[in-house]
Structures are given as C-alpha cells and as structure tokens.
Amino acid sequence: MRSELSSGMTSSSSYSASSFFARFWSSALRSKPLSPAVETSVRTSSGDGLVRRLGLFDLILLGIGASIGAGIFVVTGTVARDAGPVGVTISFIIAGASCVLNALCYAELASRFPAVVGGAYMYTYSAFNELTAFLVFAQLMLDYHIGAASIARSLASYVVSVLELIPFLKDNIPSWVGHGEEVLGALSINILAPILLVLLTVVLCWGVGESSILNSIMTVTKVLIVLFVIIVGAFEVDVSNWTPFAPYGLNSILTGATVVFFSYVGFDAVANSAEEAKRPQRDLPFGIIGSLLVCVALYIGVCLVITGMVPYQYLGEDAPLAQAFTSRGLKYVSVLISFGAVAGLTTTLLVGLYVQSRLYLGLGRDGLLPAIFARVHPTRHTPVQSQVWVGLIASILAGLLNVRVLSHILSVGTLTGYSVVSACVVTLRWKDKTSSQASTRRISRRREGIICLFTIACCGFAAGVLFRYGASFVFLILAAVIAIFSAGALYLRQVYTDPPGFSCPGVPIIPSVSIFFNIFLFAQLHYEAWVRFVVLSIVTVGVYAFYGQYHADPLGSNASIVYHRAPADEAP
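Residues numbered from 1 in each chain as written. Predicted model: local features only at pLDDT ≥ 70, side-chain atom pairs only at ≥ 80, totals over all residues. Heavy atoms only, no water.

A closer look at the nonpolar core
Where a protein is soluble and globular, its nonpolar side chains tend to be buried together.
Move 1: Core analysis: the largest hydrophobic core is formed by 157 residues, its most contacted members being Tyr 106, Tyr 121, Tyr 123, Phe 137, Phe 325, Leu 349 and Leu 353.
Move 2: Here this core gets 18 residues from one element, more than from any other, and that element is helix H7 (residues 130-163).
Move 3: Apart from residues lying up to four places away in sequence, Tyr 106 is in contact with Ala 120, Tyr 123, Phe 267, Asp 268, Ala 271, Ile 288, Tyr 418 and Val 421. (Core = buried A, V, L, I, M, F, W, Y, C linked by side-chain atoms within 4.5 Å. Buried < 20%, exposed > 50% of the residue type's maximum accessible area, 1.4 Å probe, protein only. Helix = DSSP H or I, 4+ residues; strand = E, 2+ residues; numbered from the N terminus. Contact = heavy atoms within 4.5 Å.)

Here we look at the pattern of salt bridges
Move 1: The final tally for this structure, using the stated rule, is nine salt bridges.
Move 2: Measuring nitrogen to oxygen at the nearest pair gives 2.8 Å for the salt bridge that ties Arg 365 to Glu 275. Separated by 90 residues along the polypeptide, Arg 365 in helix H15 (residues 331-366) and Glu 275 in the loop between helix H12 (266-271) and helix H13 (280-309) bring together distant segments of the chain. There is no split in this pair, since Arg 365 and Glu 275 are both buried.
Move 3: In this structure, the salt-bridge partner of Asp 283 is Arg 279, at a minimum N-O distance of 3.6 Å. (Salt bridge = Lys/Arg side-chain N within 4 Å of Asp/Glu carboxyl O.)

Considering the packing of aromatic side chains
Move 1: For the structure shown, the criterion picks out 18 aromatic pairs.
Move 2: A centroid spacing of 5.4 Å and a plane angle of 85 degrees characterise the contact between Phe 137 and Tyr 360, whose relative ring orientation is edge-to-face. Placement of Phe 137 in helix H7 and of Tyr 360 in helix H15 is noted, with a sequence separation of 223 residues between them.
Move 3: In this structure Phe 137 comes out as buried when scored by relative accessible area, which is 7%.
Move 4: Judged by relative accessible area, which is 8%, Tyr 360 ranks as buried.
Move 5: An aromatic cluster is defined as three or more aromatic residues linked by ring pairs; in this entry it consists of Phe 24, Trp 25, Phe 134, Phe 137, Tyr 360, Phe 373, Trp 389 and Tyr 544.
Move 6: Lying across the ring of Trp 206, Arg 380 places its NZ or CZ 3.8 Å from the centre. (Phe/Tyr/Trp six-rings, centres within 6.5 Å; stacked < 30°, edge-to-face > 60°. Lys NZ or Arg CZ within 6 Å of the ring centre and 35° of its normal.)

Regarding the packing of H7 against helix H16 (residues 384-400)
Move 1: Two elements in contact, H7 and H16, have axes separated by 8 Å at closest approach and are oriented at 55 degrees. Compared by their axis directions, H7 and H16 come out oblique. As H7 packs across H16, the resulting crossing turns out to be right-handed. Between H7 and H16, the residues in contact are His 145, Ile 146, Ala 148, Ala 149, Ala 152 and Arg 153 and Ile 393, Ala 394, Leu 397, Ala 398 and Gly 399, respectively.
Move 2: Residue composition of the contact of H7 with H16, by class: eight nonpolar, two polar and one charged. (Axes fitted to C-alpha atoms, helices over the stretch in contact; angles between N-to-C directions. Parallel < 35°, antiparallel > 145°, perpendicular 65-115°, else oblique. Left-handed = near helix turned anticlockwise from the far one by under 90°. Nonpolar A, V, L, I, M, F, W, Y, C, P; charged D, E, K, R; others polar.)

Section: the confidence of the model for the chain
Move 1: On average, residues of the chain carry a pLDDT of 84, and 87% of them reach 70 or more.
Move 2: The least confident element of the chain, judged by mean pLDDT, is strand E4 (residues 564-565) at 40; the most confident is helix H19 (residues 473-493) at 95.
Move 3: Low pLDDT (under 50) marks residues 434-439, which in the prediction has six contacts with non-local residues, meaning those over four places away or in another chain.
Move 4: Within the model, pLDDT remains below 50 along residues 556-572, and this stretch shows 57 contacts once partners closer than five positions in the same chain are excluded. (pLDDT = per-residue confidence, 0-100.)

Considering a nonpolar patch on the surface
Move 1: Together, Trp 176, Val 183, Leu 184, Leu 187, Ile 189, Ile 191, Ile 195, Leu 199, Trp 389, Leu 392, Ile 396 and Leu 400 line one region of the surface with nonpolar side chains, adding up to about 1100 Å² of accessible area.
Move 2: Within the residue set of the nonpolar patch, elements represented by two or more residues are strand E3 (187-189), helix H9 (192-206) and H16.
Move 3: At four residues, H16 tops the list of elements feeding residues into the nonpolar patch.
Move 4: Within the fold, Leu 184 resides in the loop between strand E2 (181-183) and E3. (Patch = residues over 30% accessible without salt bridge, like charges linked within 9 Å, V, L, I, M, F, W, Y side chains within 5 Å. Areas by Shrake-Rupley, 256 points an atom, 1.4 Å probe, with all protein chains shown as cover.)

Focus on the environment of Ala 127
Move 1: Mapped onto the secondary structure, Ala 127 falls in helix H6 (residues 120-127).
Move 2: Along the backbone, Ala 127 and Ser 31 are 96 residues apart, and their C-alpha atoms lie at a distance of 6.9 Å.

Looking at unusual backbone geometry
Move 1: The omega torsion of the bond from Thr 243 to Pro 244 falls at 0 degrees, within 30 degrees of zero and hence cis.
Move 2: Relative to the helices and strands, Pro 244 resides in the loop between helix H10 (208-234) and helix H11 (249-260).
Move 3: A cis amide bond, omega 10 degrees, links Val 507 with the succeeding residue Pro 508.
Move 4: With respect to the helices and strands, Pro 508 occurs in the loop between H19 and helix H20 (509-522).
Move 5: A positive phi is found at His 381, a non-glycine position, where the angle reads about 55 degrees.
Move 6: Along the chain, His 381 falls in the loop between H15 and H16.

Written out as structure tokens, the structure is:
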C-alpha cells in the first residue's frame, strides 16, 4: 500500500513537472503578428490609447533631445583621456556608424508597425516569440534605469554649478545637495537629483503636448549653444594637441566606442513614440535617421574642438567642455556651456523617462506585467502609473546609490536589443514564415535562417573577444569569414518580400553587419557587463516562468492582434 502511494505521488509529481514545462514552452514560443491599420482604429475608437500630437519636427527634436546630453557634456572628457585626442573622435564615428545601421533597421520596423508602442520589445514579439521579447525588455530597461539615474545626478551637479555662479551661494552649497556625498562606498546621498526627477515626471504625466513643448525649447537651446561652442572653439584650436592621435592603440578606441554608444540611443525614443505620432508611417523613419545624423555631426565637431583646445590628458572628467574654455580665458563661454549642459541633460532625462513608461505600457497591455502599467489617464492620455513607477525607480537609484559604480555595465541591453531588432528585420522579410515545406524538410528554412543569424552573432562576439585579448589576426579573419558565409547563406537561401513603407536597403547584408558589429562592441565591455547579462537573463526567465506565462493575455487587451504559436522547430 505504502509503495503504491509512493508510486502515485511520484507519477503525480512527474506529471506536474512535465505539465509546467509544457505550458512554459507553449507560452514562451507564442509570437504576435500585428495588424497596424486595425490596431489604430481599435485604440482610437476605444479611447484607451494615447493621443497623436507629434509631428516630424517634434520627432526629430525628440531624438536629438534624447542623444545630445551626457555624450557631449560629460563623456567626451573621460573617453578622450582613455582613447586619445583623435581616438575619441574615431570612437564616436565608430559608434555612430553602428547606430546608422541600427537606425535603418529601426526605421523599417517603425514604418511597418507605426501604430503600436513598445519599440524593440514589440518588434521582437512579432518576429520571434514572447520569451525573447521579455528578455529584450529586461535588458533594455536596466540600461534605461541606470542611465536615467546617472544623468539625473550629472544634471543635479550642473544645476549646483550654475547656482554657484551667484556670489553668495558659491562654496556654500553642501555636497550632499547636488554633487553627492559618499557614505559607505556604494551609497552616495544626493537630494537634488530625486527632486529634478519628480518635476520631470510631473511634466510627463501632465501630457505629451506639454512635455513635447518643453523638450523642443530645451533641445533648440542646447543645439544652438553647441553650434556656438563649435564655432568659437574652432578659433582656439591648436593642431599640435591632436598628436599623438591614438596613444593607447585601437583597443582603447573600440572600448571608447562601447562607452559612447549609449549617447546615440535617441532614435529608440522616436520608435517608441509610434502611437503618439501624427503620421507615423511617413514621419518615424525620417525622425529616426534625421535625428541620428544631426547628433553624429555635432558629436564629431565637439570632439575635434575640445581636443584641439586642451591636451587630452588635461581634460576634466566631470565638465570637460566648460573647463576647456575656462583654461583658454573664455569664462563667458564656459558659463554658457553650463546652461547648455542643464538644458541638454534635462531633455535627455525627460525623453529617457518618456521611453521607459511607453515600454512598461506595452508590457502591461500584453499582461506580462501587472495591469496597472496598462492604464492610460482618460483626460491626460498619458500612462500615469507607468510614468510614476519609472520616476520612482530612477529617484531611488539617483538619490541613494553611487551609480557611477554601475555605469560600466551600461550599453549591454542597448547593444543586444539593437542586434535583435536587426534580426527582426531579416525574419519579418522572409516569405512564408510558416511554410508547409517544414514538414518535408529535415530542417525548416526559417530555422536555418535563425541559425545563420545566431552564427553571425557568435562570430561577432568571438572576434571581439579575440581582438580584446590580442589573439592572432588569423583567428579574427576566420571569425569574419564564417560570418560572411552565414550572411551569404541568408542572402541566397531565403526568399524576401518588400515591406510597406520605408525599406531598409541591403537586406539581409546590412542587418547582418549590424548584428556582427553590435556584438563585437559588446565583447569590448567590462567582464562585469557579461555577468550582468547572464544573471539578468536568468532572473528574467524566472519571472516569466512564475508570473508572465500565467498572466499574458494574447487576445484580451489587444483585440486587433492575432497571436500564433511558432512551431517548436522554428523557435530561435
């Protein structure tokens, strides 16, 4: 009797475990084809959507506002000291070139799905599956949370610097107010950063129109200041300061490229504004590419000027632009730069918080996060709950933690997320996504293509690691050759369709190069970044297994979306 009872319990436990894993894979492999036109009508008629108030000029300023900030006013000095006077410019060019390829991919997908918030998460959900999309969201969101806290502390420091221009406040503001006062190493008290985050959160909750006006005014202001700085600084350049070009070699330049990569993420913000753009299918591609090109030009100009004015080893790390002009006796320009930095960091922070709330909104609608994140205010037409949550997380990080300790694990989510978006462009172009040939072929054509994309990513990582640790050049060439053969297989063995709207040129070659390059840069990050990627992925899978798979609502909140489960042999 006892043995029968034990046997029954064992079989019940075995059945429960197998049932759990069966449900897990069934949910994880669901994908989400979108119907943009129907989705628009559903959102508009039901009244639970956002309001379309952003024109092309607003979208371009949104992208510039997200990008021109910490990259110019904070990061340039740090990277210049590590990469050299011309090396820092090359770092910005390399990161910019990689982002141009990514922007072309984003532009196609934004044009293809112009009516839905979610950006990279939503594209991945449509092209691959639910679990991969959730992983992309988690990696991107950690980048955004840490980035917002870091920018808030830099903004607080610049605000204090501006206030100290008033004589009776100079040297009388305690460090814990804006500059931060370290306590027990990792802890660093900063009072002003959370206050600034609360103010910007209120603006974003008030309405997208109001926040767009603030962003436009501040962005135009900082662009004019940056142009003025470039013009004035050009007359102070000493060409001898540009030598040696790259004293620490190519490795330092590539590492610098990974650091400044996050300075170009503005076009991601444009893609996430799809549901609030007036003419998304036409304006989103132009907004994405246009804002990125403007940022690349401004970054290059500032790098050349600042390294030409002051020897790279003497550039400050906290306020390199202002210090460079002060050292040349141009105090009035440094004061102007401080105001420009406040404007620049404000818009970067504003747009960063905006993007995060829209990502949470997308997951709330799909049930992967609690339903409270899916709520949109009936009169303000903003996701107030999501916005408050984002502001709260950033305020805690900025007010209590020394986020500079965490800054070196930035760009992990951005690089991996952009790589997945590039892969989405390729997979969504394939004809007959679920071809009937899958049953007669030993391996389906879709799965074959996904293996090629994965091989390209692995080759990019291998090449990056080999380059980083000084391996023989022969191994680098071997990794590149394998990637080229994989891209060739994608080109020759897949049938591609032409998408509606904007079309990324050179598919699948340009997306393949983008994936290889992004993962190559990923390999240049600190090893802590790799650990963060693995640990966060494990945690995310756990959250999905015990919450997401049970609460995801494929048909309830988005009636216009038709879900289907990808065949098991076609999952990435």
